[in-house]
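So the chains spell out like this:
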Protein chains: 2
Amino acid sequence: MAADLDATLERYAKIADAAVDRALRIGEQKTLKEAMRWIPMAGGKRLRPVLAMMVGEAVGGAAGAKRALPLGTTLELIHNFTLVHDDIMDRSPMRRNLQTVHIKWDEATAINAGDALFARGFEVVLETPGTPALKAELVGEVARMVRRIAEGQQWDMEFEKAPAITRKDYLKMIERKTALMFATASYGGARAAGAPVKLARDLEEYGRLLGIAFQIQDDLLDLSADASKLGKPIGKDLRNGKRTVMVIDALETLQGDQIARFQSIFGRQDASDSEIRELFGLLEECGALSRAAKLADSYGAKAVGRLKGVKKGAPRERLEGMLRFVTARAK
Amino acid sequence: MAADLDATLERYAKIADAAVDRALRIGEQKTLKEAMRWIPMAGGKRLRPVLAMMVGEAVGGAAGAKRALPLGTTLELIHNFTLVHDDIMDRSPMRRNLQTVHIKWDEATAINAGDALFARGFEVVLETPGTPALKAELVGEVARMVRRIAEGQQWDMEFEKAPAITRKDYLKMIERKTALMFATASYGGARAAGAPVKLARDLEEYGRLLGIAFQIQDDLLDLSADASKLGKPIGKDLRNGKRTVMVIDALETLQGDQIARFQSIFGRQDASDSEIRELFGLLEECGALSRAAKLADSYGAKAVGRLKGVKKGAPRERLEGMLRFVTARAK
């Protein structure tokens, strides 16, 4: 089963790589074309198109996977457009071991390339085979998704400045910033493959819950000692003062000296590695890490519960197997 | 006739104002919603939706104008999204007598608000009454248009740094940055109102040619002594070193001392008003201004030539009357 999922992920990721490449061979302006291709062609797991294809396959077999590809490619382009713009907003110099677009070129080019990737996404989704009504439906889903992701981005920026945020705030924000794209990959992949709306809405909820679990895990991973394997510096989120669910939990749980110590290190860019390890120890000791892992698990379990309407078999088992991304990684 | 056109422009602009307002009453994130509304609700002539409605009326009467409104509203939202992003790229502090979004809020909010306006545009175009095939067609036209406008923006930025640019470069750039949106307003307005593709393509060409003429006039206006009436400082383009068709022409035409004098003032932010008036005198003397006015006129005349397939009557006469915007203003 695991080997089977690995092979499928790899196969679909390659198909998505090629589709993204094809989608970005268009254009007459050399600089813009290069800047548009820079981040999308630098790799990435292609999780969004892979998920769309896996859902498409679970609904409509191999033909279903193929029909879900344009929608999946659109989401990959849009995911990359948000990365290019987010990197400007966050002043990030590196992404996927490359300079970000606004550093390699300039900020104006990065804004412009992001806009063009976004526009290209809407051209590609129209390549979905099927009725014009299906194409129009998918356009509406994608447009609404992007608008709501922008809301999540705005909340994220406001939360950074807010004195305190709640678990509910955090969950709302990661739902918008991460889970919505997984939800649309699942809904759109299902619809493109011929699923009726009701089944597709169940799959959308699978994607949404999976996405929330995925983001909690991703935040946990940033803290783990193995984070260097991801090519990110250790404790980046802690130095940036990112209020993840673990931090919110710790601020509620820690007492006396411990909370004072936590607050004296958290959010300081110049915190030493040993101070970061101390924070990590406090998060572990107060139970915030294990509670966050359990929270991710529970979202994962709820996600799988939404697959009941899907025909049993290997494609459905692979969707269940996606839980690996949201649980195994923290161990 | 002129009074009739004025009344129509005013009536349709009001309808577009209300449609833009309605389209931007959506959203749960307070800051984002305010930032999205800031520039679109600050006024503007609503030329793009007005043109879409006028073309819709010429094709399908009052009902045609109504059917063209969602597409027109989409273009107004997208026009405003490009303004918000362009203002960041150009570091412009003011627009429509208000602070620009990146100044009033911050750059990240301005990037995000632009993205959300763009996404909202695609939701609104789907409100076009008619078949799903029509909606999908309009989405494709709008997406391609935005991608090509981004190419124009990139050329514009490159031309600013280039040692020399040609008349052809300039025309390509203004076609992308201005004329394409007029073209899509005309094509989309015609299609939404029920025009067959062939007639709609003629109207698209009308819009494109009108848009080029409009931009040449706009560049001429920036130079004219009356420019203060527009709320812009005199000679802004000259101080910014903007290579308009007049400047390209002057650099080819001026000789000896005159060209040296021109180059010593052109592109200097600290040029005095009297130096700017001197540049203006050189442009006038060498004939660059009158040749540019003639060029705009000839594009305008060609634009009107594309209206032959439209039924004769007041709506078509009003489309012909749009030439006023591209000729009368320079006088």
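Predicted, not measured: the structure shown is a model, and the values here were computed from it.

## As for the relation of the copies chain A and chain B
- Overlay of chain A on chain B (RMSD 0.1 Å): rotation 180 degrees, translation along the axis 0.0 Å. As the rotation angle and translation indicate, the two copies are arranged about a two-fold axis.
- Looking at chain A, 100% of its interface residues are interface residues in chain B too, so the copies touch through the same face.

## Digging into the nonpolar core
- Of all hydrophobic cores here, the largest spans 226 residues; its most connected members are Ile216(A), Met322(A) and Ile216(B).
- The contacts of Ile216(A), once residues within four sequence positions are left out, are Tyr170(A), Leu171(A), Ile174(A), Val245(A), Ala292(A), Leu295(A), Ala296(A) and Tyr299(A).

## Looking at the confidence of the model for chain A
- Taken residue by residue, chain A gives an average pLDDT of 94. The fraction at 70 or more is 95%.
- Interface scoring of the predicted complex returns ipTM 0.95; its pTM is 0.95.

## A word on the interface of chain A and chain B
- In this assembly, 44 residues from chain A lie in contact with 44 residues from chain B.
- At the boundary of chain A with chain B, total buried surface from both sides reaches about 3,800 Å², with 62% on carbon and sulfur atoms.
- Here chain A is connected to chain B by eight salt bridges.
- Between Lys161(B) and Asp106(A) there is a salt bridge, with the nearest N and O atoms lying 3.8 Å from each other.
- Remark: the boundary between chain A and chain B carries 18 residue pairs in polar contact (both at pLDDT 80 or more).
- Among the secondary structure elements, those contributing two or more residues to the side of chain A that touches chain B are helix H2 (30-38), helix H3 (47-90), helix H5 (107-125) and helix H6 (132-161) of chain A.
- In terms of residue count, the dominant contributor to the side of chain A that touches chain B is H6(A) (18 residues).
- For the side of chain A that touches chain B, a count of residues per class yields 21 nonpolar, nine polar and 14 charged.

## Some remarks on helix H8 (residues 197-223) of chain A
- Here H8(A) is 27 residues long and its end C-alpha atoms lie 39 Å apart, about the 39 Å a rise of 1.5 Å per residue gives.
- Burial analysis of H8(A) places 21 of its 27 residues in the buried class, which makes it a mostly covered element.

## Quick look at the packing of aromatic side chains
- Summed over all chains, the structure comprises twelve aromatic pairs over all chains.
- Measuring from ring centre to ring centre gives 4.6 Å for Phe81(A) and Phe118(A), while their planes differ by 5 degrees; the resulting arrangement is stacked. Of this pair, Phe81(A) sits in helix H3 while Phe118(A) sits in helix H5, placing them 37 residues apart in sequence.
- Owing to a relative accessible area of 1%, Phe81(A) belongs among the buried residues under this scheme.
- Given a relative accessible area of 0%, Phe118(A) falls into the buried group.
- Plain terms: the ring middles of Phe262(B) and Phe266(B) are 5.5 Å apart, the flat faces sit at 25 degrees to each other, and that makes the pair stacked. The same class applies to Phe262(B) as to Phe266(B), namely buried.
- A connected cluster of aromatic rings, assembled from ring pairs, spans Phe81(A), Phe118(A), Phe122(A), Phe81(B), Phe118(B) and Phe122(B).

## Re the packing of H3(A) against helix H14 (residues 314-321) of chain A
Residues and elements named next belong to chain A.
- The N-to-C vectors of H3 and H14 enclose an angle of 145 degrees; their axes lie 8 Å apart at closest approach. As for how H3 packs across H14, the hand of that crossing is left-handed. Residues Leu51, Met54, Val55, Glu57 and Ala58 of H3 form the contact with H14, whose participating residues are Pro315, Arg316, Arg318 and Leu319.
- Of the residues that constitute the contact of H3 with H14, the class distribution is six nonpolar, no polar and three charged.

## Things to note about unusual backbone geometry
- Located in the positive-phi region is Arg96(A), a residue other than glycine, with phi close to 50 degrees.
- Relative to the helices and strands, Arg96(A) is located in the loop between strand E1 (94-95) and strand E2 (98-99).

## A short note on the pattern of salt bridges
Residues and elements named next belong to chain A.
- Taken as a whole and assessed by the stated rule, the structure comprises 70 salt bridges over all chains.
- The residue Arg120 makes a salt bridge to Glu123 at a minimum N-O spacing of 3.0 Å. With Arg120 and Glu123 both in helix H5, this residue pair falls three residues apart, about one helical turn.
- You can call Arg120 buried: its relative accessible area is 8%.
- According to the relative accessible area criterion, Glu123 is buried, its value standing at 11%.
- Shared partners join several salt bridges into a network, and the residues in it are Arg261, Arg268, Asp270, Glu275 and Glu278.

## Digging into helix H7 (residues 167-192) of chain B
All names here are of chain B.
- Look at H7: 35 Å from first C-alpha to last across 26 residues, which is about the 38 Å you get at 1.5 Å a residue.
- At Ala179, H7 is deflected by roughly 50 degrees, the largest bend along its length.
- Burial analysis of H7 places 21 of its 26 residues in the buried class, which makes it a mostly covered element.
- In the segment just after H7, Gly194 is the residue with positive phi, at about 100 degrees.

## Quick word on the packing of helix H3 (residues 47-90) of chain B against helix H5 (residues 107-125) of chain B
All names here are of chain B.
- Packing of H3 against H5 brings their axes to within 8 Å, and their N-to-C directions diverge by 165 degrees. Here H3 is positioned roughly antiparallel relative to H5, judged by the angle of their axes. Classified by chirality, the crossing of H5 by H3 is left-handed. Side by side, H3 and H5 meet where Pro70, Leu71, Thr73, Thr74, Leu77, Ile78, Asn80, Phe81, Val84, His85 and Ile88 of the first sit next to Glu107, Ala110, Ile111, Gly114, Asp115, Leu117, Phe118, Arg120, Gly121, Val124 and Val125 of the second.
- Its residues placed into classes, the contact of H3 with H5 shows 13 nonpolar, six polar and three charged.

## Considerations on the environment of Gly287(A)
- Relative to the helices and strands, Gly287(A) is located in the loop between helix H12 (273-285) and helix H13 (288-305).
- Through-space distance from the C-alpha of Gly287(A) to that of Glu204(A) is 32 Å; in sequence the pair is 83 residues apart.

The rules behind these values
- Residues numbered from 1 in each chain as written.
- Chains lettered and ligands numbered in written order.
- Predicted model: local features only at pLDDT ≥ 70, side-chain atom pairs only at ≥ 80, totals over all residues.
- Heavy atoms only, no water.
- Least-squares fit on C-alpha atoms with pLDDT ≥ 70 in both.
- Contact = heavy atoms within 4.5 Å.
- Core = buried A, V, L, I, M, F, W, Y, C linked by side-chain atoms within 4.5 Å.
- Buried < 20%, exposed > 50% of the residue type's maximum accessible area, 1.4 Å probe, protein only.
- pLDDT = per-residue confidence, 0-100.
- Buried area = accessible area lost by both parts, 1.4 Å probe.
- Salt bridge = Lys/Arg side-chain N within 4 Å of Asp/Glu carboxyl O.
- Polar contact = N/O pair within 3.5 Å; in protein donor to acceptor, adjacent residues only side chain to side chain.
- Helix = DSSP H or I, 4+ residues; strand = E, 2+ residues; numbered from the N terminus.
- Nonpolar A, V, L, I, M, F, W, Y, C, P; charged D, E, K, R; others polar.
- Expected span 1.5 Å × (residues − 1).
- Phe/Tyr/Trp six-rings, centres within 6.5 Å; stacked < 30°, edge-to-face > 60°.
- Axes fitted to C-alpha atoms, helices over the stretch in contact; angles between N-to-C directions.
- Left-handed = near helix turned anticlockwise from the far one by under 90°.
- Bend = angle between axes of the 7 residues up to and from the residue.
- Parallel < 35°, antiparallel > 145°, perpendicular 65-115°, else oblique.

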